[in-house]
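A look at the structure
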Amino acid sequence: MDDLKTLFRRILDSLAFGILQFVPARPDHWAFVLHRGHVWSGNLRVLAEHAARHHGIKIVVLCRDGGRSPAAMPAATWTDSPAALAYIRCGVIFSTHEPEPNATSPLRIARITSRQRYLLWHGVGTKVHSRDAHPWMRSVKCFFDSTFAASEHDKDRLARAFGFEPARIAVTGYPRIEVLKCAETQLTDDLADQHSALRAALAGKTLVLAAPTFDTVRDQPDAVIDFVIRLRAMLEARFEVGLRLHPNNLLRNTTLKVPKGILDLGPRQWPSTEMVLRNSGVLVTDFSSIWADFALLRRPIIGLKPFTAPYVENGRVSPALWDEFPGTWCETVEQTVKCIMDTRHEPADSAKLDAAVRRIHGEQPDSSEQICRWVFARQPGADRPPSA
């Protein structure tokens, strides 16, 4: 039955190739394409809410993998097919990832039309994205008109990774930072609910957030689970240990489970990474770029060498990370526990952390508005007012 549903959906999607040629694009209709396994949060959500609220943009969310969250944005149109009329009419399309490989993926369909296509990348440059190691990256720039960077450092990384010319990369900052740093009173109702619910679950304890990247959990799932179990066993009761697994790990490994005694902070239960970070007192990670956002909160960061070193050795991670990382590197669970116990809720090296924040994030306020203005300036006629 599932195979028949997939076939039927592919047939419908294929129809979009022909239909798109006859349906005019609406520049005030913007589509946001959720990557498989991901949820409505982060850059896409914050930008969509801003565009709708301040510029009257009609929002369409293309979500084909169970990540629907219509309660978070009731005014948006939610669809699971790029053949849907709502998606076909959109003149602007945003995605946080590369196009899917199948011929009827939303971005491949949009490429043959006059739609504006933008890459709003989901992280920052802590990994080495090699076009030789990852052949699909050679074609990414062909599917997007422009992309956006957090800083000049991030712009350089995007140019090297995807081959974008500098003129096609706008340094705007990332919209998700707006909800990471804003006052609690400025959060939308559902984000405020997530924030307060997690705070209540912690019951006054300090949250130690374990957040490994996709590669680590894919390659060493048992080692990751064993680490958090031992970490929980060795920490005092005043700490709570939470594990946030990458959505792609959960999608590809259905047997992967968060062990008892560990707070499950996965994206299905807690869609907003920003709300999880706001409630975290200490971050324990590897080479995941989550530390770059957490650094903005000026709290302790611990890096795990055993889960990072193999990827430095194989070229996935730049050796420069050893020096640029603004936290403390630990070799063992015991070292990690000592670092956590010794912390005073402040970074180990404030000057180094501040330097990392300036390099990675720069000074880009109002990221959502900057992206909107970039899009408006490149629409046919460019006669749309900068604000509404």
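Fair warning: this is a prediction, and the values are worked out from it, not measured in the lab. (Residues numbered from 1 in each chain as written. Predicted model: local features only at pLDDT ≥ 70, side-chain atom pairs only at ≥ 80, totals over all residues. Heavy atoms only, no water.)

The next point concerns the overall build of the chain. Counting its regular elements, the chain contains 18 helices and 13 strands. Out of the 388 residues in the chain, the part that is buried amounts to 55%. Summarising the internal contacts of the chain: among those between residues at least 6 apart in sequence, 72% fall at separations of at least 24. Approximately 16900 Å² of the chain is accessible, and the part contributed by carbon and sulfur atoms is 54%. (Helix = DSSP H or I, 4+ residues; strand = E, 2+ residues; numbered from the N terminus. Buried < 20%, exposed > 50% of the residue type's maximum accessible area, 1.4 Å probe, protein only. Contact = heavy atoms within 4.5 Å. Areas by Shrake-Rupley, 256 points an atom, 1.4 Å probe, with all protein chains shown as cover.)

Another aspect to go through is the sheet that holds strand 1 (residues 26-33). Strand pairing in a sheet takes place through backbone hydrogen bonds and is either antiparallel or parallel in direction. The seven strands lie next to each other as 3-2-1-4-5-6-7, forming an open sheet whose pairing is parallel. Here the strands that pair on one side only, and so sit at the sheet edges, are strand 3 (77-79) and strand 7 (169-171). When strand polarity is set aside, the average angle formed by the axes of neighbouring strands in this sheet is 25°. Bridge count for strand 1 against strand 4 (residues 90-95) is five bridges, and the pairing is parallel. (Pairing = 2+ DSSP bridges. Axes fitted to C-alpha atoms, helices over the stretch in contact; angles between N-to-C directions.)

Below, the discussion takes up helix 6 (residues 152-162). Within the sequence span of helix 6, burial applies to D154, K155, R157, L158, A161 and F162. The buried residues of helix 6 occupy one face: seen down the axis, they fall within an arc of 160°. Along helix 6, the residues that are exposed and aim more than 90 degrees away from the buried face are E152 and R160. If you follow the buried residues of helix 6, they end up packed against strand 5 (116-119), helix 5 (140-143), strand 6 (146-149), strand 7 and helix 17 (350-361). Within two residues after helix 6, G163 carries a phi angle of roughly 80°, on the positive side. (Arc of directions from axis to C-beta.)

Across the five residues of strand 9 (residues 239-243), five count as buried, placing the element largely inside the fold. Of the two faces of strand 9, the one carrying F239, V241 and L243 and the one carrying E240 and G242 are both buried. Pairing between strand 8 (residues 206-210) and strand 9: five bridges, direction parallel. Bridging from a neighbouring strand, A210 pairs with L243 of strand 9. Sheet analysis places strand 9 next to strand 10 (residues 263-264), joined by two bridges and oriented parallel. Along strand 10, the bridge assignment pairs L243 with D264.

If you look at the biggest cluster of nonpolar residues, it comprises 74 residues, and the most contacted ones within it are W30, F32, W40, I59, F94 and W291. Looking at which element gives the most residues to this core, the answer is helix 18 (residues 367-377), with five residues. Residues within four places of I59 in sequence aside, it is in contact with W30, F32, A48, A52, M73, A76 and T77. Counting 24 residues, the second largest nonpolar core, distinct from the first, contains V224, F239, I262 and F307. (Core = buried A, V, L, I, M, F, W, Y, C linked by side-chain atoms within 4.5 Å.)

In short, the description is geometric, and any link to function would need to be established separately.
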